[in-house]
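# Tertiary structure, described
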Amino acid sequence: MDWLWLVGRAVFGLYFAYSGLNHFIQFQGLKQYAAYKKVPAPGLSVVVTGLVLLAGGLSVLTAYWVEWGLYLLAIFLVVSAFVMHNFWKETDQNARVGEMNQFLKNIALAAATLMLLSITNWTW
């Protein structure tokens, strides 16, 4: 079953690494979205969170400083769930549903990072 672990680790790490790269590829759009959500210094926030996602994803992918990478990802996911996907503030029903889905996705991924942190016999 080691191959299942490797495939899962690769997909999980690539998901976050790509998301981090996407922060730079889609910088202007994400900066505008962060400004709309009233994030202080939206441009800097997009760069910092892009680096966090990239570092966390690459740490999982390469098995280098994995615990640090998972902590970074867990913190990012919880903070961004509450700051960026605060569905309870949306008045438009479609926007509310979309933000709630993103909120729940972030919380579920944060839970997955915490579960990975709980594994003591890592076979990275």
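Here the residue numbering is sequential within each chain, running from 1 through the sequence in written order. Totals for whole chains, interfaces and linings use every residue, but because this is a predicted model, local features are given only for residues with pLDDT of at least 70 and side-chain atom pairs only at 80 or more, for both listing and counting. As a rule here, side-chain values cover all heavy atoms of the structure and leave hydrogens and water aside.

Going along the chain from the N terminus, every DSSP run of H or I of four or more residues is numbered as a helix, and every run of E of two or more is numbered as a strand. A count of helices and strands for the chain gives 5 helices and 0 strands. Walking the chain from its N terminus toward its C terminus, one meets helices and strands in the order α-α-α-α-α. C-alpha extents for the chain along the principal axes are approximately 45 × 25 × 20 Å. Accessibility here uses a 1.4 Å probe with only protein chains present; expressed as a share of the type maximum, an area under 20% marks a residue as buried, one over 50% as exposed, and anything in between as partly exposed. Expressed as a percentage of its 124 residues, the buried residues of the chain come to 35%. Only heavy atoms enter the contact rule, under which two residues are in contact if any of them lie within 4.5 Å. In the chain, of all internal contacts separated by at least 6 residues, the share reaching a separation of at least 24 is 63%. Accessible areas in this description were obtained via Shrake-Rupley with a 1.4 Å probe; residue shielding takes into account the shown protein chains only. In the structure as shown, the chain presents an accessible area of about 7,700 Å², 71% of it carried by carbon and sulfur atoms. Each charge sign in the chain was given a centre, from 7 positive and 5 negative side chains, and these centres are 10 Å apart. Neither His nor the chain ends contribute to the count of charged residues, in which Lys and Arg are positive and Asp and Glu negative. One atom stands in for each charge, and that atom is NZ of Lys, CZ of Arg, CG of Asp or CD of Glu.

What follows deals with the pattern of salt bridges. By salt bridge we mean one thing: a side-chain nitrogen of Lys or Arg within 4 Å of a carboxyl oxygen of Asp or Glu. Applying the stated criterion across every chain, the model contains 2 salt bridges. In this structure, the salt-bridge partner of K37 is E99, at a minimum N-O distance of 3.8 Å. Remark: E99 occurs in helix α5 (residues 93–118) and K37 occurs in the loop between α2 (27–36) and α3 (42–62); sequence separation between them is 62 residues. Taking the relative accessible area as the measure of exposure, K37 reaches 12% and is therefore buried.

A helix's residues, less one, multiplied by 1.5 Å, set its expected span. Between its first and last C-alpha atoms helix α4 (residues 66–84) spans 26 Å; for 19 residues at 1.5 Å apiece the expected length is 27 Å, and the two agree. Buried residues of α4: V66, G69, L70, L73, A74, F76, L77, S80, A81 and M84, and no others. In this structure, the buried side of α4 is in contact with α1 (2–25), α2, α3 and α5.

One non-glycine residue with positive phi stands out, namely A41, at about 45 degrees. Note that A41 resides in the loop between α2 and α3. Given the relative accessible area of 45%, A41 is considered partly exposed. In this structure, A63 is a non-glycine residue whose phi angle is positive, near 65 degrees. Tracing the sequence through the fold places A63 in the loop between α3 and α4.

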